[in-house]
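Coordinates in review
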Protein chains: 2
Amino acid sequence: MKHALEFYFDVGSPAAYLAWTQVPKIARETGCEVEYRPFLLGGVFQATGNRSPMDVPAKAQYMIDDLQRFARRYGVPFVNNSHFPINTLALMRMALGLQLREPGRMIPFVDAVVRAIWVDDKDMNDPATVGAVLQNAGFDPEKLLALASDPAVKDDLKAVTREAVQRGVFGAPTFFVGQDMFWGQDRLDFVKEALQP
Amino acid sequence: MKHALEFYFDVGSPAAYLAWTQVPKIARETGCEVEYRPFLLGGVFQATGNRSPMDVPAKAQYMIDDLQRFARRYGVPFVNNSHFPINTLALMRMALGLQLREPGRMIPFVDAVVRAIWVDDKDMNDPATVGAVLQNAGFDPEKLLALASDPAVKDDLKAVTREAVQRGVFGAPTFFVGQDMFWGQDRLDFVKEALQP
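What counts, and at which threshold
- Residues numbered from 1 in each chain as written.
- Chains lettered and ligands numbered in written order.
- Predicted model: local features only at pLDDT ≥ 70, side-chain atom pairs only at ≥ 80, totals over all residues.
- Heavy atoms only, no water.
- 1 Å grid on protein atoms, 1.4 Å probe; cavity = no way out; pocket = protein on both sides within 12 Å on 5 of 7 lines; lining within 4 Å.
- Points joined across faces, edges and corners; volume = space filled by probe spheres on them.
- Helix = DSSP H or I, 4+ residues; strand = E, 2+ residues; numbered from the N terminus.
- Nonpolar A, V, L, I, M, F, W, Y, C, P; charged D, E, K, R; others polar.
- Pairing = 2+ DSSP bridges.
- Axes fitted to C-alpha atoms, helices over the stretch in contact; angles between N-to-C directions.
- Contact = heavy atoms within 4.5 Å.
- Buried area = accessible area lost by both parts, 1.4 Å probe.
- Salt bridge = Lys/Arg side-chain N within 4 Å of Asp/Glu carboxyl O.
- Polar contact = N/O pair within 3.5 Å; in protein donor to acceptor, adjacent residues only side chain to side chain.
- Parallel < 35°, antiparallel > 145°, perpendicular 65-115°, else oblique.
- Phe/Tyr/Trp six-rings, centres within 6.5 Å; stacked < 30°, edge-to-face > 60°.
- Buried < 20%, exposed > 50% of the residue type's maximum accessible area, 1.4 Å probe, protein only.
- Left-handed = near helix turned anticlockwise from the far one by under 90°.

1. Section: the layout of surface pockets
By volume, the second largest pocket amounts to about 500 Å³. Lining the second largest pocket are 26 residues, and of these R73 and D189 of chain A together with R73, D186 and D189 of chain B lie nearest its centre. Going through the elements one at a time, α1 (14–30), α3 (57–74) and α9 (188–195) of chain A together with α1 (14–30), α3 (57–74) and α9 (188–195) of chain B are the ones with two or more residues in the lining of the second largest pocket. Looking at side-chain class alone, the lining of the second largest pocket contains eight nonpolar, four polar and 14 charged residues.

Here it is in structure tokens:
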């Protein structure tokens, strides 16, 4: 029996962005199905007492080099966003809302958002910039804003995030293959091993 | 010109133990010289504001699985020490004192100590256990205790630790290849790449 790959991500995490660029390749190589789990990393930090590596200045300095090394290894562009940290609450509500209501549009949405943040160094804390990025990617910003304000979508994002914490998640990206949890884009080789039939 | 590999370690870090088991192999494979840097991880945490991953319960739970996965990949034994955290101040003074005064004995000393902690699950917070472990490994515990109480050795450990922090170190194990810093036993593949002539 083939395993599914569950992938918890938040667009505000540079490591989750790197994982986002690699997951489709792993799916092709292993034949697994990917279950995308948009969630709120800030909520996970609050619930678990974990914090961003960027909160320790020496670690933040190093992380930029480390992420660049992986980006080079993967052959993908990566820019350390100069507007970090990004409040991703509305963006992750949009991602989850799309997944639930227009499933085919979630991936193009996240593609556009992570490219804006982690390739084009956009300030996604600025509503006008968010609007322009979404419009350029063929989305209706007003419609997405309505989605992000929908109480049902708000509750859904809370539920996904709460469930992640209950399963032991403390950071992003996090993967599950069956019961086995893997944390970090730097564990994708173990994820791939776990997906071998 | 061949690079040297600088290796900052503290016997109280399970990740540093895993790195300890792999560094000789990397030295053989790349022909690099290893410069061992015994230091005090607790001092680094204090100076940088970083903390052990074991301080976040959900992360601690995961780290045990993660370290086991790497131990299996490396083919080395690993037991999550049930007496963790270990106060390694005296042990790291002994390691550095030996390195400075009887260089050939530092590696056998650390081998014995990490085996006691990360393979045999010994309580190295207990002075009697430490004494027995050292005696079994052919060391004179009294002599080593005297070394750990030597003001010059105490100052040396502070100096190595302070220099590490000044170079940007925030955790263990940490490696330098020239100016390039690598943090974590999970970055040994990058270390190996950096050591290629």
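2. Quick word on the sheet that holds strand β2 (residues 33–38) of chain B
All names here are of chain B. Reading across the sheet, the four strands line up as β2-β1-β3-β4 and stay open at both edges, with mixed pairing between neighbours. On the outer flanks of this sheet lie β2 and β4 (180–183), each paired with one strand and no other. For this sheet, the mean inter-axis angle between neighbouring strands, taken without regard to orientation, is 20 degrees. Here three bridges tie strand β1 (residues 4–9) to strand β3 (residues 174–177), and the two strands are oriented antiparallel to one another. Along β3, the bridge assignment pairs F7 with F175. Its contacts with the sheet put α1 on β1, β2 and β3, and the angle it makes with β1 is roughly 165 degrees. Against the sheet, helix α4 (residues 89–101) touches β1 and β2, its axis set at about 135 degrees to β2.

3. A look at the interface of chain B and chain A
With 24 residues of chain B at the interface, the matching set in chain A holds 24 residues. Summing both sides of the interface, chain B and chain A together bury roughly 2300 Å²; the carbon and sulfur share of this comes to 52%. Considering only the side of chain B, the residues that lose the most area to chain A are Y62, R69 and F190 of chain B, jointly responsible for 25% of the buried surface there. Where chain B touches chain A, the interface holds eight salt bridges. R73 of chain B serves as the salt-bridge partner of E193 of chain A, at 3.1 Å between the closest nitrogen and oxygen. Across the chain B-chain A interface, the total number found is 14 residue pairs in polar contact (both at pLDDT 80 or more). Listed by contribution, the elements that provide at least two residues to the side of chain B that touches chain A are α3, β4 and α9 of chain B. The element that contributes the greatest number of residues to the side of chain B that touches chain A is α3 of chain B, accounting for eight residues.

4. Topic: the packing of α4 of chain B against helix α5 (residues 106–118) of chain B
Residues and elements named next belong to chain B. Remark: α4 packs on α5, axes separated minimally by 8 Å, with the N-to-C direction vectors making an angle of 160 degrees. Considering their axes alone, α4 and α5 lie roughly antiparallel with respect to each other. Between α4 and α5, the contacting residues are L91, M94, A95, L98 and Q99 on the first element and M106, F109, V110 and V113 on the second. Along the lines of polarity and charge, the residues of the contact of α4 with α5 split into eight nonpolar, one polar and no charged.

5. Topic: the packing of aromatic side chains
For any pair of aromatic rings, geometry is given as the distance between the ring centres together with the angle between the planes. All names here are of chain A. Taken as a whole and judged by the stated rule, the model has 36 aromatic pairs over all chains. Ring geometry for F9 against Y36: centres 6.3 Å apart, planes inclined by 90 degrees, an arrangement best described as edge-to-face. Highlighted residues: F9 in strand β1 (residues 4–9) and Y36 in strand β2 (residues 33–38), separated in sequence by 27 residues. Here F9 falls in the buried class, since its relative accessible area comes to 2%.

6. So, the packing of α1 of chain A against helix α5 (residues 106–118) of chain A
Residue and element names in this part refer to chain A. It is the contact of α1 with α5, at a shortest axis distance of 11 Å, that shows an interaxial angle of 130 degrees. Overall, the two elements α1 and α5 adopt an arrangement that is oblique. Of the two elements, α1 crosses α5, and the hand of that crossing is left-handed. Where α1 abuts α5, its residues P14, Y17 and W20 lie against M106, I107, V110, D111, V114 and W118.

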